Amino acid sequence: MAYVVTESCIKCVYTDCVSDCFKVGPNFMVIDPDECIDCGVCMSECPVDALVLDDELAPEQRIYLALNRELARSWASITKPRAPLAEADAWKDVKGKLQFLER
């Protein structure tokens, strides 16, 4: 099992949850499933509840399992918190954000 970053992170990128297994792109973060040790520490730190265990993903969230794996291969590691995106507060409750994911 590994944790998966889902839609709520798109256009927000709150980094309260980061640890050694996180990778960051232009407007989204992912968890590298090969580096996640399933400790769960990140779960309680995410202010937008974007993190889900891979075996608990809802059917509509399953795409994020593949996206986390794919994007983790090319995005840079992030291990320390930084400021969220400038528009994070405006986007944190928006649904249907997958179309806005920048690679």
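This one's a predicted model, so the numbers in the text were calculated from it and none came from an experiment.

Trainee: Any chance you could break down the sheet that holds strand 2 (residues 22–24) for me, citing the residues and the numbers?
Mentor: Taken in spatial order, the 3 strands make up an open sheet running 3-2-5, and their pairing is antiparallel. Bordering the open sheet on either side are strand 3 (29–31) and strand 5 (76–77), each of which pairs with just one other strand. Pairing of strand 2 with strand 3 involves 3 bridges; the strand directions are antiparallel. Bridging from a neighbouring strand, F22 pairs with I31 of strand 3. The strands touched by helix 2 (residues 63–72) within the sheet are strand 2 and strand 3, with strand 3 carrying the most contacts at an inclination of about 95 degrees.

Trainee: Tell me what's going on with the pattern of salt bridges, and back it up with residues and numbers.
Mentor: In this structure the tally under the stated criterion is 5 salt bridges. Residue E35 pairs with K23 through a salt bridge whose shortest N-O separation is 3.8 Å. Within this pair, whereas E35 is found in the loop between strand 3 and helix 1 (41–45), its partner K23 is found in strand 2, the two being separated by 12 residues in sequence. The shortest N-O distance in the salt bridge between R103 and E70 comes to 2.4 Å. Separated by 33 residues along the polypeptide, R103 in the segment after helix 3 (88–91) and E70 in helix 2 bring together distant segments of the chain. With a relative accessible area of 34%, E70 lands in the partly exposed category. Linked by salt bridges that have partners in common, K23, D32 and E35 make up one network.

Cut-offs and rules
Residues numbered from 1 in each chain as written. Predicted model: local features only at pLDDT ≥ 70, side-chain atom pairs only at ≥ 80, totals over all residues. Heavy atoms only, no water. Pairing = 2+ DSSP bridges. Helix = DSSP H or I, 4+ residues; strand = E, 2+ residues; numbered from the N terminus. Contact = heavy atoms within 4.5 Å. Axes fitted to C-alpha atoms, helices over the stretch in contact; angles between N-to-C directions. Salt bridge = Lys/Arg side-chain N within 4 Å of Asp/Glu carboxyl O. Buried < 20%, exposed > 50% of the residue type's maximum accessible area, 1.4 Å probe, protein only.

Such coordinate-based values are descriptive only and should not be taken to indicate function.
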